[in-house]
Amino acid sequence: MTVVDVLRKRFASFPARANERRHGRPWWRSARSIVSGGLQRDAWLTMAAVIVAFAIAVWHADKPSLDFDELFAVGLASQPLSVMWHFLWGKECQMTLYYLILHGWLGVLAALGLGHSELLLRLPSLVAVGLTAGVLYRMGVRWWGRAAGFVAALVFATNPVLLRQAQEARGYAFQVLLLSLAWYVFLVAIEKADDTAIAPRRRWWIAFAVLLTLAIYAHIDTMVCALAFPVALAALALAPAAPGADVTVFARWRVRARASVRPFALSALAVGVAVLPLAIDAAIHGGGNGWVLPFTPGRLVRMVHDNFFASVTWVIVPMLALLLLAVLPVILRSHRSSVPQIRPLTPPTLAVFAWFAVIWILFCTLPMHLFHWRYLVVTVAPFALLMGVAVSRVGPVVARTTLLLLLVVMVAGLPSAYHAMPREDYRTVGRWLDARMQPGDGAVCWPNPYCAFTVGYYVRDLDPATMMYAGVWDWDRRICYHQLPACAAPPFSDGPTLATYLMGQQRVWLVLAPHGLTPPVAHQEERDEMQLIAAAGFYPVDGMSLITNQAVIILYERSR
């Protein structure tokens, strides 16, 4: 067949299609046929998963105040790269990639004149969560079917822990996205290990190395999460076939996994070289996880209760998962004549289980203070995939019914999931102070940097000369740390320094924001500052004080 014949055959139906449109064929059917020719149905469904997950995450994202960690990230990312370097090569190396992304995003916002609203600052994290839902859907479709993809994306998008990180201007959402992409590419690379062409296989392993490197730079704890990859590879290479599974399928994956050992080792070596500067930085300057308490069974129960059972949705999800994984298969086996047989487990399920279990075990046992919900958010993606696998094991009728039930339960439980998120409300405190400060008022803000990061961020048009901060602080730069000598300033915790500052003041606001301090220490420091101000001849003004969980503000006037 010649090229002319092919073209004639391809365009032969055009007059008929035009005739259909002229004789009343709905225009949207023609449009749908044109669009569907360009994109496959799964591509549209992936886009739908991304959009739905983003919509769930963005709902109420502008309501909560920026907390201390978010304000610190915004303050750091607002600096020139030359200033940021002093922080990134130091104790703030744990989110290097995210700080650079946020720095670029703040530059875009400044160029567009959009300002720094809570929603705009959190938008990169929200987009990352939406994209991760699309990745999980694609993983589910590729190895377990559409039902698994739908369930994985839905469970992921409505997880309370994930929603909390989605609505924070921090790097955890990017860590989850990049790590999920790395796992997807990792499994695809193993699956293609028996391809005859070498170049495609090599490209997948290069992509795996790049994604894992970026995930580690997004958050340094990914170094620990990466230990799940060799465990998963070993499980695929050595595990026998699951009961009732196709022995040939498991044998094929064992061959592929064993053929992938060498390229995986080379990729891991490349990742190790790429993250060596970050590892050296962390070894020299140490980490900042000393505030995380060690693992105990009691803390595990408390974490599960606070982060899951506070939302009624996540009381039902584990019960449903238990039903699908344990109870339902037994019931269906006893009624094989009337219902479809349980689908066997597949080799990729072993890899996802290793992804989930290894991270949990390491985070609970390593002496690195990693047992915290914000670090364990990386286990939400494999958990969602395991829920999808559970649904995919049953027949299509049961799977669709379960999916519909999950959809109803998840959507109905979203309000409780949002309300269950604890928030630090510094916006109310800062704007309360902003509305009452008068020109010439002084302010004693303690302790630094907590007070200046949080309360001071929401005080508009504040003259730096009227503020006095403990420790070191540079108001113009909005951030300061001990590595920057230009920010050095004498502390005023001693009486003479504070008395000198108060000599020229008639009204002074005492602002106490003891973020991260234990209540006994915070109360003692509060009493000390009050005594120093009272000794300088000031008395508190009735009705001009605010007490919240985040800060205490008291107005003092000089005695007459």
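Residues numbered from 1 in each chain as written. Predicted model: local features only at pLDDT ≥ 70, side-chain atom pairs only at ≥ 80, totals over all residues. Heavy atoms only, no water.

K.L.:
Please clarify how the pattern of salt bridges should be interpreted in this entry.
P.N.:
Side chains bearing opposite charge may pair, as long as their charged atoms lie close to each other. Counting across every chain of the model gives six salt bridges. Across the salt bridge formed by Asp 441 and Arg 507, the nearest N and O atoms sit 3.0 Å from each other. Placement of the pair is Asp 441 in the loop between helix 24 (426-436) and strand 1 (442-446) and Arg 507 in strand 3 (residues 507-512), with a sequence separation of 66 residues. As far as burial versus exposure is concerned, Asp 441 and Arg 507 are alike and both buried. (Salt bridge = Lys/Arg side-chain N within 4 Å of Asp/Glu carboxyl O. Helix = DSSP H or I, 4+ residues; strand = E, 2+ residues; numbered from the N terminus. Buried < 20%, exposed > 50% of the residue type's maximum accessible area, 1.4 Å probe, protein only.)

K.L.:
Even after reading the chapter, I still don't get the side chain of Thr 158, so can you show me in this structure?
P.N.:
Secondary-structure assignment places Thr 158 in the loop between helix 9 (146-157) and helix 10 (160-166). Within the structure, Thr 158 has its side chain in polar contact with the backbone oxygen of Leu 154 (distance 2.8 Å). (Polar contact = N/O pair within 3.5 Å; in protein donor to acceptor, adjacent residues only side chain to side chain.)

K.L.:
Looking at this structure, how should I read the nonpolar core?
P.N.:
Soluble, globular proteins show a tendency: their nonpolar side chains are buried together. Grouped together as the largest cluster of nonpolar side chains are 136 residues, with contacts concentrated most on Met 139, Phe 156, Trp 183, Phe 186, Phe 229 and Phe 363. A per-element tally of this core places helix 11 (residues 172-191) first, with 16 residues. Apart from residues no more than four positions distant in its own chain, Phe 363 is found in contact with Asp 221, Val 224, Cys 225, Leu 370, Phe 371, Tyr 375, Leu 376 and Val 378. Trp 446, Leu 502, Leu 512 and Ile 533 belong to the second largest nonpolar core, which has 13 residues in total. (Core = buried A, V, L, I, M, F, W, Y, C linked by side-chain atoms within 4.5 Å. Contact = heavy atoms within 4.5 Å.)

K.L.:
Is there a simple way to explain the pairing of strand 5 (residues 552-558) in this structure?
P.N.:
As a general feature of sheets, a regular strand has side chains that alternate between the two faces. Burial runs high along strand 5: six of the seven residues are buried. The pairing of strand 3 with strand 5 spans six bridges and is antiparallel. Bridging from a neighbouring strand, Arg 507 pairs with Glu 557 of strand 5. Strand direction decides the pairing type here: strand 4 (residues 538-547) and strand 5, joined by six bridges, are antiparallel. Bridge pairing in strand 5 links Ile 547 to Val 552. (Pairing = 2+ DSSP bridges.)

K.L.:
What's the story with the packing of helix 7 (residues 96-112) against helix 8 (residues 118-143) in this structure? I'm lost.
P.N.:
The packing of two helices is summarised by the inter-axis angle and the distance between the axes. Two numbers describe how helix 7 lies on helix 8: the axes approach to 10 Å, and their chain directions differ by 135 degrees. As the angle between them shows, helix 7 and helix 8 are arranged oblique. In this structure, helix 7 crosses over helix 8, and the sense of that crossing is right-handed. On helix 8, the residues touching Tyr 98, Leu 102, Trp 105, Leu 106 and Leu 109 of helix 7 are Leu 120, Leu 121, Leu 123, Pro 124 and Ser 125. Within the contact of helix 7 with helix 8, the residues separate by chemical class into nine nonpolar, one polar and no charged. (Axes fitted to C-alpha atoms, helices over the stretch in contact; angles between N-to-C directions. Parallel < 35°, antiparallel > 145°, perpendicular 65-115°, else oblique. Left-handed = near helix turned anticlockwise from the far one by under 90°. Nonpolar A, V, L, I, M, F, W, Y, C, P; charged D, E, K, R; others polar.)

K.L.:
When you look at helix 15 (residues 247-259) in this model, what are you seeing that I'm missing?
P.N.:
Each α-helix winds once per 3.6 residues, and so residues spaced three or four apart point in a common direction. Here helix 15 spans 18 Å end to end across 13 residues, near enough to the 18 Å set by a 1.5 Å rise per residue. Of the residues making up helix 15, those classed as buried are Phe 250, Trp 253, Arg 254, Arg 256 and Ala 257. Take helix 15 and look down its axis: the buried residues cluster within an arc of 165 degrees, on one side only. Turned more than 90 degrees off the buried face of helix 15, the exposed positions are Val 247, Val 255 and Arg 258. Packing partners of the buried residues in helix 15 comprise helix 8, helix 11, helix 14 (228-238), helix 16 (261-274) and helix 20 (347-365). (Expected span 1.5 Å × (residues − 1). Arc of directions from axis to C-beta.)

K.L.:
Would you mind showing me how to read the packing of helix 8 against helix 9 here?
P.N.:
Where helix 8 contacts helix 9, the axes come no closer than 7 Å and their chain directions differ by 155 degrees. What the angle tells us is that helix 8 and helix 9 run roughly antiparallel. At the point where helix 8 passes helix 9, the crossing takes the right-handed sense. Each of Val 129, Thr 132, Ala 133, Leu 136, Tyr 137, Gly 140 and Val 141 in helix 8 lies in contact with helix 9, whose residues at this interface are Arg 146, Ala 148, Gly 149, Phe 150, Ala 152, Ala 153 and Phe 156. The residue inventory of the contact of helix 8 with helix 9, partitioned by class, reads ten nonpolar, three polar and one charged.

K.L.:
Where do I start with the packing of aromatic side chains in this structure?
P.N.:
The geometry of an aromatic ring pair comes down to the distance between the two centres and the angle between the two planes. Applying the stated rule across the entire model yields 23 aromatic pairs. For the pair Phe 186 and Phe 264, a centre-to-centre distance of 5.9 Å together with 65 degrees between the ring planes defines the contact as edge-to-face. Of the two residues, Phe 186 sits in helix 11 while Phe 264 sits in helix 16, which places them 78 residues apart along the sequence. A centroid spacing of 6.3 Å and a plane angle of 65 degrees characterise the contact between Trp 205 and Phe 264, whose relative ring orientation is edge-to-face. In this pair, Trp 205 is assigned in helix 12 (residues 198-218) and Phe 264 in helix 16, connecting sequence segments 59 residues apart. A relative accessible area of 6% means that Trp 205 is categorised as buried. Feature note: the residues Trp 183, Phe 186, Trp 205, Phe 208, Phe 229, Phe 264 and Trp 355 constitute an aromatic cluster, connected by ring pairs. Above the plane of the ring of Trp 253 lies Arg 256, whose end atom (NZ or CZ) is 5.5 Å from the centre. (Phe/Tyr/Trp six-rings, centres within 6.5 Å; stacked < 30°, edge-to-face > 60°. Lys NZ or Arg CZ within 6 Å of the ring centre and 35° of its normal.)

None of this, on its own, says anything about what the molecule does.
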